[in-house]
Amino acid sequence: MTSPLFSPTPSPGIVILCDPEGTVQEVLSDGLGLAFRVPAGNPIVGLVDPACQEKMRHFLEAARTNKSAFNWEITVMVKGRLKPLHFSAMLNEPGLVVIAADSRDAVSELTQELGRINNEQTNALRSKTKGLAAQTARDDTVYEDFMRVNNDLANLQRELARKNAALTTLNEEKNRLLGMAAHDLRNPLGIIQGYSEFLESEAAPSLSKEHREFITIIKDTCQFMLRMVSDLLDVSAIESGTLRLDLQPCDLSTLVGHNVALNRILAGPKQITIAFDPPADFPKILLDAEKISQVLNNLISNAVKFSHSGTTVQLSLELDSENARITVKDQGQGIPEAELQKLFKPFSTGSVRGTAGEKSTGLGLVIVRKIVEGHGGKIKVTSTEGVGSTFSFTLPATSPAFGRTSPE
């Protein structure tokens, strides 16, 4: 049952009071008919689609760490249909108040309603405190001190809510600006790259060696900047919650093989072998083929980038009862242990450099992690300096996002 604190016609959202670990204590309001999924004493992650439960755990961790979290888009089954809801959470000692609604405006309305209720509860507290003071003949100074502290706390809570709202707005504006800037830069950079490739192939015989080197530098720099712009667009889409996954039945073995073939062309100049022995009769699973190709290309190209000539990059694909596991293992330089924790953070670049001077945007692995986790999978890395690195990620062998198993 929901709390009587809210009006009989609640907003199209749900408000849940949890302990710090995410265990439901009470459903305060339920305008979406979801309270049956999160009875008191159960984890709140049970509210969301199974494929998004890991994202829900990250959301709760962010709320605990930062005292609040705003505008996380997480998928929930509402009336038999998957629907992305906007989640916000605020620390309400000793636990969390979690709000989910079908729009940001609805979340804002529910937040304001909570503020109104908080004021009513504060007034009731004041009234009861006055009665208690009269009954027990307590000293008025103690009562006034208590009320002053209570008022100060209420003012601080209002100021915190105002600043959190302002930060949310600024973050959204930052994401929009980042996306617009990257989008507007892509076309002129593409034109410069096109002309430089034309000059390199058509005009090279009539140019001096020095001029040909200039054109090559222009072309390579444009390619790097285009990769950075594309990564910025992906990061902007992920952070703003607009990156969508088109989950379709896919032959993962064939997809891996296709990406291996593409990267063998890039590995050729460094005389690096990319080995992959596709498993027989691998079942189709639901995934976004374009996004998983982006993951594979990033991991394979990184392995080639940081490996020495004459070595091998080994890929494997395995299946157990729950997950498909893809592993990319190289014989490269390895990554210092102190830098492993920074690999999946934005703009993080380590001390290891490409063996042929290749550059890195510092965004690729951030995008890889977001895509893998968006599919309900996990990614991990192990590495030994001077020996090589192994990146592996899992994808659910069934698709909880659609509530059915993959086709045979």
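As the structure is a prediction and not an experimental result, all values here were calculated from the model.

What counts, and where the lines are drawn
- Residues numbered from 1 in each chain as written.
- Predicted model: local features only at pLDDT ≥ 70, side-chain atom pairs only at ≥ 80, totals over all residues.
- Heavy atoms only, no water.
- Helix = DSSP H or I, 4+ residues; strand = E, 2+ residues; numbered from the N terminus.
- Buried < 20%, exposed > 50% of the residue type's maximum accessible area, 1.4 Å probe, protein only.
- Areas by Shrake-Rupley, 256 points an atom, 1.4 Å probe, with all protein chains shown as cover.
- Core = buried A, V, L, I, M, F, W, Y, C linked by side-chain atoms within 4.5 Å.
- Contact = heavy atoms within 4.5 Å.
- Pairing = 2+ DSSP bridges.
- Axes fitted to C-alpha atoms, helices over the stretch in contact; angles between N-to-C directions.
- Expected span 1.5 Å × (residues − 1).
- Polar contact = N/O pair within 3.5 Å; in protein donor to acceptor, adjacent residues only side chain to side chain.
- pLDDT = per-residue confidence, 0-100.
- Parallel < 35°, antiparallel > 145°, perpendicular 65-115°, else oblique.
- Left-handed = near helix turned anticlockwise from the far one by under 90°.
- Nonpolar A, V, L, I, M, F, W, Y, C, P; charged D, E, K, R; others polar.
- Salt bridge = Lys/Arg side-chain N within 4 Å of Asp/Glu carboxyl O.

## Regarding the overall build of the protein chain
And then number 1: Tallying secondary structure elements over the protein chain gives seven helices and 14 strands in all.
And then number 2: Within the protein chain, buried positions represent 41% of all 408 residues.
And then number 3: Total accessible area computed for the protein chain in this model is approximately 22600 Å², and 55% of it derives from carbon and sulfur atoms.

## Section: the nonpolar core
And then number 1: Leu 252, Leu 315 and Phe 393 are the most contacted members of the largest nonpolar core, which has 39 residues in total.
And then number 2: With seven residues, the single largest contributor to this core is helix 6 (residues 289–305).
And then number 3: With residues near it in sequence (within four places) discarded, Leu 252 still touches Phe 282, Ile 285, Leu 287, Ile 292, Leu 317, Ala 324, Ile 326 and Leu 395.
And then number 4: If you look at the next biggest cluster of nonpolar residues, it comprises 28 residues, including Val 38, Ile 44, Val 45 and Ala 89.

## Some words on the environment of Phe 70
And then number 1: Here Phe 70 shows up in strand 3 (residues 68–78).
And then number 2: On a C-alpha basis, the gap between Phe 70 and Thr 169 in space is 10.0 Å, while along the polypeptide they are 99 residues apart.
And then number 3: Excluding residues that lie within four positions of it along the chain, Phe 70 makes contacts with Phe 87, Ser 88, Met 90, Asn 164 and Thr 168.

## Overview of the sheet that holds strand 1 (residues 13–18)
And then number 1: A sheet is described by the order of its strands in space; here five strands give the open sequence 2-1-5-4-3, paired in antiparallel fashion. Each of the sheet's edge strands pairs with one partner strand only, and the pair in question is strand 2 (24–30) and strand 3. Adjacent strand axes in the sheet meet at a mean angle of 25 degrees when their direction is disregarded.
And then number 2: Two strands pair when backbone bridges link them, and strand 1 and strand 2 are joined in this way by five bridges, in the antiparallel orientation. Within strand 2, the residue paired with Cys 18 across the bridge is Val 24.

## Regarding helix 6
Each α-helix winds once per 3.6 residues, and so residues spaced three or four apart point in a common direction.
And then number 1: Taking 1.5 Å of rise per residue, the 17 residues of helix 6 would be expected to cover 24 Å, and the 24 Å separating its terminal C-alpha atoms lies within 8% of that figure.
And then number 2: Judged by how many residues are buried, helix 6 sits mostly within the fold: 12 of 17 residues are covered.
And then number 3: Every buried residue belonging to helix 6 is among Lys 291, Ile 292, Ser 293, Val 295, Leu 296, Asn 298, Leu 299, Ile 300, Asn 302, Ala 303, Val 304 and Lys 305, and all of these are buried.
And then number 4: For helix 6, the N-terminal cap is Asp 288; the gap from its side-chain oxygen to the backbone nitrogen of Glu 290 is 3.2 Å.

## Some points on the pairing of strand 10 (residues 323–329)
Two faces, one strand: in a regular strand the side chains alternate between the faces of the sheet.
And then number 1: The sheet contact formed by strand 9 (residues 312–319) and strand 10 spans six bridges and is antiparallel. Looking at strand 10, one finds that Leu 319 is bridged to Ala 324.
And then number 2: Connecting the antiparallel pair strand 9 and strand 10 is a turn made up of three residues.

## Description of the confidence of the model for the protein chain
And then number 1: On average, residues of the protein chain carry a pLDDT of 78, and 74% of them reach 70 or more.
And then number 2: Contacts from residues 399–408, a stretch scored under 50 in pLDDT, to residues over four places away or in other chains number 21 contacts.

## Considering the pairing of strand 9
And then number 1: Relative to strand 9, strand 7 (residues 273–276) runs parallel, the two sharing four bridges. Across the sheet, Ala 275 pairs through a bridge with Gln 314, a residue of strand 9.

## Considering the packing of helix 5 (residues 252–267) against helix 6
And then number 1: For the pair helix 5 and helix 6, interaxial distance at closest approach is 9 Å and the crossing angle is 40 degrees. Taken together, the axes of helix 5 and helix 6 lie oblique to each other. Like other packed secondary-structure pairs, helix 5 and helix 6 cross with a definite hand, here right-handed. Between helix 5, through Leu 252, Leu 255, Val 256, Asn 259, Val 260, Asn 263 and Ala 267, and helix 6, the contact on the second element is made entirely by Ala 289, Ile 292, Ser 293, Leu 296, Asn 297, Ile 300, Ser 301 and Val 304.
And then number 2: Of the residues in the contact of helix 5 with helix 6, the class split is 10 nonpolar, five polar and no charged.

## Focus: the sheet that holds strand 12 (residues 388–396)
Strand pairing in a sheet is mediated by backbone hydrogen bonds. Such pairs are either parallel or antiparallel.
And then number 1: An order of 7-9-10-12-11 is seen for the five strands of this open sheet, with the pairing classed as mixed. Every interior strand has two partners, whereas the edge strands, strand 7 and strand 11 (379–384), have only one. This sheet shows a mean twist of 15 degrees between the axes of neighbouring strands, independent of strand direction.
And then number 2: Helix 5 rests against strand 7, strand 9, strand 10 and strand 12 of the sheet, and its axis sits at about 170 degrees to strand 7.

## Side note on the side chain of Ser 253
And then number 1: Locating Ser 253 in the fold gives a position in helix 5.
And then number 2: According to the relative accessible area criterion, Ser 253 is buried, its value standing at 9%.
And then number 3: In contact with Ser 253, other than residues within four places in its own chain, are Phe 276, Pro 278, Pro 279, Phe 282 and Leu 317.

## Things to note about the pattern of salt bridges
And then number 1: Scanning the model with the defined rule gives four salt bridges in all.
And then number 2: Residue Arg 64 pairs with Glu 61 through a salt bridge whose shortest N-O separation is 3.0 Å. Within this pair, Arg 64 and its partner Glu 61 are both found in helix 1 (residues 53–66), separated by three residues, close to a single helical turn.
And then number 3: Residue Arg 64 is classed as partly exposed on the basis of its relative accessible area, which comes to 26%.
And then number 4: On the accessibility criterion, Glu 61 (40% relative accessible area) is partly exposed.
And then number 5: Measuring nitrogen to oxygen at the nearest pair gives 3.6 Å for the salt bridge that ties Asp 102 to Lys 83. One end of the pair, Asp 102, is in the loop between strand 5 (95–101) and helix 2 (104–136); the other, Lys 83, is in strand 4 (residues 81–92), and 19 residues separate them in sequence.
And then number 6: When its relative accessible area of 29% is taken as the criterion, Asp 102 is described as partly exposed.

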